Amino acid sequence: MNKTLIILSLLAATSYTQAGEVEVLHWWTSGGEAKSAAVLKSKVEEQGHSWKDFAVAGGGGESAMTVLKTRAVSGNPPSAAQIKGHDIQEWGNLGFLTSLDDVAKAEKWENNLPGVVTKVMKHEGRFVAVPVNVHRVNWLWANPEVLKAAGVSVPKTMDEFFASAEKIKAAGYIPLAHGGQPWQDATVFEAVALDVLGSADYNKAFVDLDMDVLQGSKMVEVFEKFQKIRDYIDSNSPGRDWNAATSMVINGDAAMQIMGDWAKGEFAAAGKMPGKDYICAPSPGTDGQFTFNIDSFAFFKLKNAENEKAQKALAKTILTKDFQEVFNLNKGSIPVRLDMDMTKFDSCALDSMATFKSSADSGDLVPSMAHGLSTTSYVQGAIYDVVTDFFNDPSAKADEAVKKLAKAVKAAI
Ligand code: GAL
């Protein structure tokens, strides 16, 4: 063998021993989401590892979590799975997760992430999950042409919302694009709750699970306003996916959607420009408030050393500046690192970043209940049931709903 051949075969052997496979479970299957997931895939593959996609469709991730449980229980978990908030602790308590402290130390994660985020990513003091982004949930997306045709402007309060919705309906458009799925119902419900309760009582209700607030008079008002929204969605909404609802705003069939900023990923994937083709505004009555939803991947204990290396490479990649920029530009979220250059980001993202920071100081930064950041999946599920049953029953009574809510939450604690 000549010298070059020896070097080549040595190189091949090295890259062979370093190459592993990462199997990654996620629910990013809409246009904007799939583009974002593809960024992560290519960054991992660039490093010589292979990516086994484990995508389970279904916004909000309920189906993905069910599939994950089956796989983990049968002793065959993926390398990493999209797991958020309190669920990370649950998986950690069951002994499934691996420590990423070596990567965290080498990459100085502690220095670059907000404390509120690192707390969620650790189990018993060790990093077991990596945050990907920060999504703001309390957004209103609007089609300016439709608003113009109806002679209304972007509603700043719930009263304005109802007045505008009435006019939009009269002009022959669907006022609010909505997908009738429990997590989407809960997303709209929590936006109304944030406005009516205010940040402090929102936290009391959905973080502290305070029974007085859960069944108080303000919560009755939340359900009343939430119920009124039904008058402004179309009859085809049951079962509709969230991205199909976003398309209705993009196409001008509907005027508005209340949804987290993953919706922006759909506008971006359709080549639409903020401020021109669509408007992003705080959901009515929640200016200055920020409901956060942090996507993260939790990492499972593996048996294969090569796959472990690939797994660590994935963990490291997620928090690199390069990945944070491209991924979040596609996803509609903002980077989770505090030291990012934001010049490539649009006005919605800059707004989100500014409000993320200011709301942390003013006490208006609150975790999303609908997206699993404020409480356990058990309590979240109990709230979903009450909210969805209520929304789907035209004769439901708000004062009875709050009693059901308190009872369901109590049973799930
Ligand atoms: C959320 C998730 C977002 C977005 C959305 C719709 O729970 O955090 O990243 O993908 O579901 O699928």
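Preceding block: the structure.
Below is a short write-up of the structure. (Residues numbered from 1 in each chain as written. Predicted model: local features only at pLDDT ≥ 70, side-chain atom pairs only at ≥ 80, totals over all residues. Heavy atoms only, no water.)

1. Structural notes on the sheet that holds strand E6 (residues 129-131)
- Within the open sheet, the 5 strands sit side by side as E2-E1-E3-E13-E6. Their pairing is mixed. Strands at the two margins of the open sheet, each flanked by one partner only, are strand E2 (50-55) and E6. Averaged over all pairs of adjacent strands, the angle between their axes in this sheet comes to 20 degrees, without regard to strand direction.
- As defined by bridge partners, strand E3 (residues 80-82) adjoins strand E13 (residues 296-299) across 3 bridges and the pair is classed as antiparallel. Counterpart to Ala80 in the pairing with E13 is Phe299.
- Contacting strand E1 (21-26), E2 and E13, helix H2 (residues 31-46) runs over the sheet at an angle of about 155 degrees to E2. (Pairing = 2+ DSSP bridges. Helix = DSSP H or I, 4+ residues; strand = E, 2+ residues; numbered from the N terminus. Axes fitted to C-alpha atoms, helices over the stretch in contact; angles between N-to-C directions. Contact = heavy atoms within 4.5 Å.)

2. What about the environment of Thr376?
- Locating Thr376 in the fold gives a position in the loop between strand E14 (365-367) and helix H18 (377-391).
- Sequence-wise, Thr376 and Gly179 are 197 residues apart; in three dimensions their C-alpha atoms are separated by 24 Å.
- Beyond its immediate chain neighbours, meaning those up to four positions away, Thr376 contacts His86 and Glu90.
- Reaching out from Thr376, the side chain makes a polar contact with the backbone nitrogen of Val379 at a distance of 3.2 Å. (Polar contact = N/O pair within 3.5 Å; in protein donor to acceptor, adjacent residues only side chain to side chain.)

3. Some words on the site of the ligand
- If you check the shell around the ligand, you find 14 residues, and the closest are Glu33, Lys84, Asn293, Asp295 and Lys331.
- Within the contact set of the ligand, an oxygen atom lies 3.2 Å away from a side-chain nitrogen or oxygen of Trp28.
- In this structure, an oxygen atom belonging to the ligand sits 2.8 Å away from a side-chain N or O atom of Lys84.
- Bound to the protein, the ligand loses 100% of the 300 Å² it would expose on its own. (Near = heavy atom within 4 Å. Areas by Shrake-Rupley, 256 points an atom, 1.4 Å probe, with all protein chains shown as cover.)

4. So, the packing of aromatic side chains
- For the structure shown, the criterion picks out 22 aromatic pairs.
- A centroid spacing of 5.2 Å and a plane angle of 80 degrees characterise the contact between Trp109 and Phe127, whose relative ring orientation is edge-to-face. Placement of the pair is Trp109 in helix H6 (residues 109-112) and Phe127 in strand E5 (residues 126-127), with a sequence separation of 18 residues. The same class applies to Trp109 and to Phe127, which are both buried.
- Their ring planes at 80 degrees and their centres at 4.9 Å tell us that Phe223 and Phe390 sit as a pair that is edge-to-face. Highlighted residues: Phe223 in helix H12 (residues 217-229) and Phe390 in helix H18, separated in sequence by 167 residues. Comparing Phe223 with Phe390, the two get one shared label, buried.
- Taken together, Phe189, Tyr202, Phe206, Phe223, Phe226, Phe390 and Phe391 form an aromatic cluster joined through their ring pairs. (Phe/Tyr/Trp six-rings, centres within 6.5 Å; stacked < 30°, edge-to-face > 60°. Buried < 20%, exposed > 50% of the residue type's maximum accessible area, 1.4 Å probe, protein only.)

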